[in-house]
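Secondary and tertiary structure notes
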Amino acid sequence: MATNAHTGPMLKVENIHVYYGNIAAVKGISIEVNAGEIVTMIGSNGAGKSTTMRAISGLIAPRRGVIEFEGRKISGMPGHEVTALGISQSPEGRRIFGRMTVDENLDLGAFLRNDKDGIAEDREYVYGLFPRLKERIHQKAGTLSGGEQQMLAVARALMGRPRLLMLDEPSMGLAPMLVELIFNTIRQIREQGMTILLVEQNALAALDIADRAYVLESGVVKQQGSAKDLAASDDVRKAYLGG
Amino acid sequence: MAVVTTPGTGTGARRLRRVAVPALFLIGGLSVPTVVTNVGAFEDRWFPLTTMVLCGIFVMFTLGLNIVVGYAGLLDLGYVAFFLFGAYTAGWLMSSFFFQIDPGIHIFDAAINPDSPGINLSFWIVVPIAAVVAAIAGVIIGAPTLRLKSDYLALVTLGFGEILPQAFRNGESIKGFNLSNGTKGIGPTNPLDMGWLSWTGVGKDAINVFDYKTRYYVIFALCVIFILISLRLRDGKLGRAWLAIREDELAASLMGVPLMRTKLWAYGVGAAAGGIGGAFYCVSLGGVQVDTFNFQFSVIVLCMVILGGMANVYGCILGAVILTWVNYTGMKEIGNSVNNTFGTEISVPKYQFLIFGIVLVLMMLFRRDGMLPAARQKHSREIDAQIEKIGTEGVA
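The rules behind each value
Residues numbered from 1 in each chain as written. Chains lettered and ligands numbered in written order. Predicted model: local features only at pLDDT ≥ 70, side-chain atom pairs only at ≥ 80, totals over all residues. Heavy atoms only, no water. Helix = DSSP H or I, 4+ residues; strand = E, 2+ residues; numbered from the N terminus. Contact = heavy atoms within 4.5 Å. Core = buried A, V, L, I, M, F, W, Y, C linked by side-chain atoms within 4.5 Å. Buried < 20%, exposed > 50% of the residue type's maximum accessible area, 1.4 Å probe, protein only. Axes fitted to C-alpha atoms, helices over the stretch in contact; angles between N-to-C directions. Parallel < 35°, antiparallel > 145°, perpendicular 65-115°, else oblique. Left-handed = near helix turned anticlockwise from the far one by under 90°. Nonpolar A, V, L, I, M, F, W, Y, C, P; charged D, E, K, R; others polar. Pairing = 2+ DSSP bridges. Salt bridge = Lys/Arg side-chain N within 4 Å of Asp/Glu carboxyl O. Phe/Tyr/Trp six-rings, centres within 6.5 Å; stacked < 30°, edge-to-face > 60°. Lys NZ or Arg CZ within 6 Å of the ring centre and 35° of its normal. Patch = residues over 30% accessible without salt bridge, like charges linked within 9 Å, V, L, I, M, F, W, Y side chains within 5 Å. Areas by Shrake-Rupley, 256 points an atom, 1.4 Å probe, with all protein chains shown as cover. Domains from an automatic or database assignment. Buried area = accessible area lost by both parts, 1.4 Å probe.

**Comments concerning the environment of asparagine 15 of chain A**
Residues and elements named next belong to chain A. Mapped onto the elements, asparagine 15 comes out in strand β1 (residues 11–20). Once the C-alpha coordinates of asparagine 15 and proline 78 are considered, the two residues, 63 residues apart in sequence, prove to be 20 Å apart. The contact partners of asparagine 15, leaving out residues within four places of it in the chain, are Gly28, Ile29, Ser30, Arg64 and Gly65.

**Remarks on the nonpolar core**
Counting residues in hydrophobic clusters, the biggest one holds 102 residues, and the most contacted among them are Tyr88, Phe123, Leu222 and Phe280 of chain B. The greatest single-element share of this core, amounting to 15 residues, is contributed by helix α3 (residues 49–71) of chain B. Contacts of tyrosine 88 of chain B, omitting those with residues within four sequence positions, involve Phe168, Ser180, Ile186, Val288, Val290 and Phe293 of chain B. Residues Ile96, Val126, Leu133 and Ile182 of chain A belong to the second largest nonpolar core, which totals 45 residues.

**Quick look at the packing of helix α4 (residues 80–93) of chain B against helix α5 (residues 123–145) of chain B**
Residues and elements named next belong to chain B. Close contact between α4 and α5 brings their axes to 9 Å; oriented N to C, the two are set at 140 degrees. As summarised for this structure, α4 and α5 are arranged oblique, according to the angle between their axes. The handedness of the crossing between α4 and α5 is right-handed. Contacts from Ala81, Phe82, Phe85, Gly86, Thr89, Ala90 and Leu93 of α4 reach α5 at Val126, Ile129, Ala130, Val133, Ala134, Ala137, Gly138 and Ile141. Of the residues in the contact of α4 with α5, the class split is twelve nonpolar, three polar and no charged.

**Structural notes on the pairing of strand β4 (residues 64–69) of chain A**
Residues and elements named next belong to chain A. Where β1 lies against β4, five bridges are found, and the strand directions are antiparallel. For valine 13, the partnering residue across the bridge sits in β4 and is isoleucine 67. Two strands pair when backbone bridges link them, and β4 and strand β5 (residues 72–73) are joined in this way by two bridges, in the antiparallel orientation. Paired with glutamate 68 across the strands is lysine 73, a residue of β5. Connecting β4 to the antiparallel partner β5 that follows it, the hairpin turn spans two residues, and glutamate 70 within it adopts a positive phi of roughly 50 degrees.

**Focus: the pattern of salt bridges**
Going through the model one piece at a time under the given rule, you end up with 23 salt bridges over all chains. Lysine 49 of chain A is the partner of glutamate 169 of chain A in a salt bridge, and the nearest nitrogen-oxygen pair spans 3.9 Å. Separated by 120 residues along the polypeptide, glutamate 169 of chain A in the loop between β7 (164–168) and α7 (176–191) and lysine 49 of chain A in helix α1 (residues 49–56) bring together distant segments of the chain. Each member of the pair, glutamate 169 of chain A as well as lysine 49 of chain A, is classed as buried. Glutamate 333 of chain B is the partner of arginine 45 of chain B in a salt bridge, and the nearest nitrogen-oxygen pair spans 2.3 Å. Taken together, the residues arginine 45 of chain B in helix α2 (residues 41–46) and glutamate 333 of chain B in helix α12 (residues 313–342) connect sequence positions 288 residues apart.

**Some remarks on the packing of aromatic side chains**
One pass over the full model with this rule turns up 27 aromatic pairs over all chains. Taken together, a centroid distance of 4.8 Å and an interplanar angle of 70 degrees make the contact between phenylalanine 83 of chain B and phenylalanine 293 of chain B edge-to-face. Residue phenylalanine 83 of chain B is located in helix α4, and its partner phenylalanine 293 of chain B is located in the loop between α10 (259–285) and α11 (295–308); the two are separated by 210 residues in the primary sequence. The two residues phenylalanine 83 of chain B and phenylalanine 293 of chain B agree in class, both being buried. It is arginine 215 of chain B that lies over the ring of tyrosine 212 of chain B; its NZ or CZ is 4.4 Å from the centre. Directly above the aromatic system of phenylalanine 111 of chain A lies the positively charged group of lysine 237 of chain B, at a separation of 5.1 Å from the ring centroid.

**Topic: unusual backbone geometry**
For the peptide bond that leads from aspartate 102 of chain B to proline 103 of chain B, omega is 5 degrees, which places it in the cis range. The topology assignment puts proline 103 of chain B in the loop between α4 and β1 (105–107). Residue proline 188 of chain B is bonded to the preceding glycine 187 of chain B through a cis peptide linkage, with omega at -5 degrees. Considering the arrangement of structural elements, one finds proline 188 of chain B in the loop between α6 (150–169) and α7 (212–235). With a phi angle near 50 degrees, glutamate 70 of chain A is a residue other than glycine that sits in the positive phi range. Looking at the secondary structure, you find glutamate 70 of chain A in the loop between β4 and β5. Its identity is not glycine, yet serine 218 of chain A carries a phi of approximately 45 degrees, on the positive side. On the secondary structure map, serine 218 of chain A appears in the loop between β9 (212–217) and β10 (220–226).

**Section: a nonpolar patch on the surface**
Residue and element names in this part refer to chain B. Together, Ile346, Tyr351, Leu354, Ile355, Ile358, Val359, Val361, Leu362, Leu365 and Phe366 give the surface a local cluster of nonpolar side chains, amounting to about 930 Å² of exposed area. Tracing the backbone shows leucine 354 in helix α13 (residues 352–366). Looking at leucine 354, the relative accessible area reads 53%, which means it is exposed.

**Some points on the domain arrangement of chain A**
All names here are of chain A. Along its sequence, chain A is organised into domain 1 (2–86 + 162–240) and domain 2 (96–161). Inter-centroid distance (C-alpha atoms) of domain 1 to domain 2 is 23 Å. Every contact between the two is made by 18 residues of domain 1 and, on the other side, 14 residues of domain 2. Taking both sides of the interface into account, the surface hidden between domain 1 and domain 2 amounts to around 1200 Å²; carbon and sulfur atoms contribute 78%. Between the two partners, domain 1 and domain 2, sit zero salt bridges. For the side of domain 1 that touches domain 2, the secondary structure elements donating two or more residues are α2 (79–85), β7 and α7. At six residues, the largest contribution of residues to the side of domain 1 that touches domain 2 is made by α7.

So, in structure tokens, the structure goes:
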């Protein structure tokens, strides 16, 4: 892989502006993700977190600004090409393929790959991460519980063997116990050397596992720094952590 | 939580069905001409071979539209456009229509007059050409329209299905060039040629005008080939990509499925079947008439897909055969029987669309996935209900 040839941050988002029609959802956001890090974007509803993520994965093109992945410009590329470069996303709301089985969902996660052995290996790996999915291997994904669907969404993203894994609101709508389980797994995935960009409303949980964090508000970066510092900062505590 | 198992996972019954269903269709299909022409007057009235040939043509169309609507989930209300391109391709390449070309081009053809002007190709050369022409038309129509979603796509395809026949109706003199011969249509076309089969003793150079048996076997063979292609595509990578797009476009894109290219493939392959069916239709009738190409056609083929079972090849075949028969023979004969028995004078075919409408409404109420639902869809309602339930609970 050409990963090593590149120096500097793995992902570089430079001053992007993203619009839905005439409405600016992101007004000049810049973030960086270095190889091996967990970086999180936190902020309330409408802060522009998910939109930024969508712009990175090519679902929507930024009107201004540049996104670079491993030194290559990816802003404006269609989604499937971005995926082919090594960015996988577990989208907001999970968006698993409800009428396909768990196993078929994983197959689609590996859609762009042709290495049979590697795919089989990764399948074992994700079933190891989420043993509950293995129990439901032939079950239609739409009948899984919310937590299981989230596991499947993460597992499916991993099946692309990405170099950058993006997780959009993995804790959404889950009971505290399941949130903990998901976040523990994220930690585990990182220990295998994965670089992760995490979008979360659950700021406490996100800051707990992240190395660095960006606090977004109304489409701009309000604060940034190490996750530990931000978790300790009064502003952040007041705004997002309930005092 | 109730566990929904995959329908019939790897059991012997399933394996049997996988062999039995195609075998049944194959044997049933092959024996039609023999049964129909040997039994006598009753079958001639109720199951004339002319209708059986039309059944074959509509099976081809239905299988083609099934790829677009059933597999890829793109609602196309203008399928008639591809039928039109196939039929006119045969008209152009199998007649003396381009009389400017004199002496004419003759390649393995069965023209009555071997010195006739125009382009006279063998039907078997025209079939792939018609498929390619229709597929290209599909891609050209698809490229700008497939960015649209569901209802909008349906509307634009409907527009194309209306515009193209109008263009051909008025295509008599495009800057002096006669493309379509307007309302007069193109004809007569050369007969179906079976010369390449002469070594078996079966084929003749040109088949007889009344030889519907050969016509039937030809369209049957073409259908079998397209069925094999359909099944193969469904189980391959492209089939999975179509399925993903049908389920959730955004998620499919995130998995790396190239949306445009995948949709264009569906359009192209579906259109190719329309082209092949159109070419055969033209040759079978001996000409093209622009009035054939109307919105009704697109709707009826769509009905066949829905009635039979979306995304299920065998369901589509069943839907096509039943509706074609009802359209061309059933209504008329049922009406005649009723009138003869009760001495009434009801014109049953007049109520065709009323009956169609009622059948469709009943289908949507009681058997939403068609007569033979695709295995994947079989439990969809059950799953939908469960998804809904989980959705409201939110947490598990």
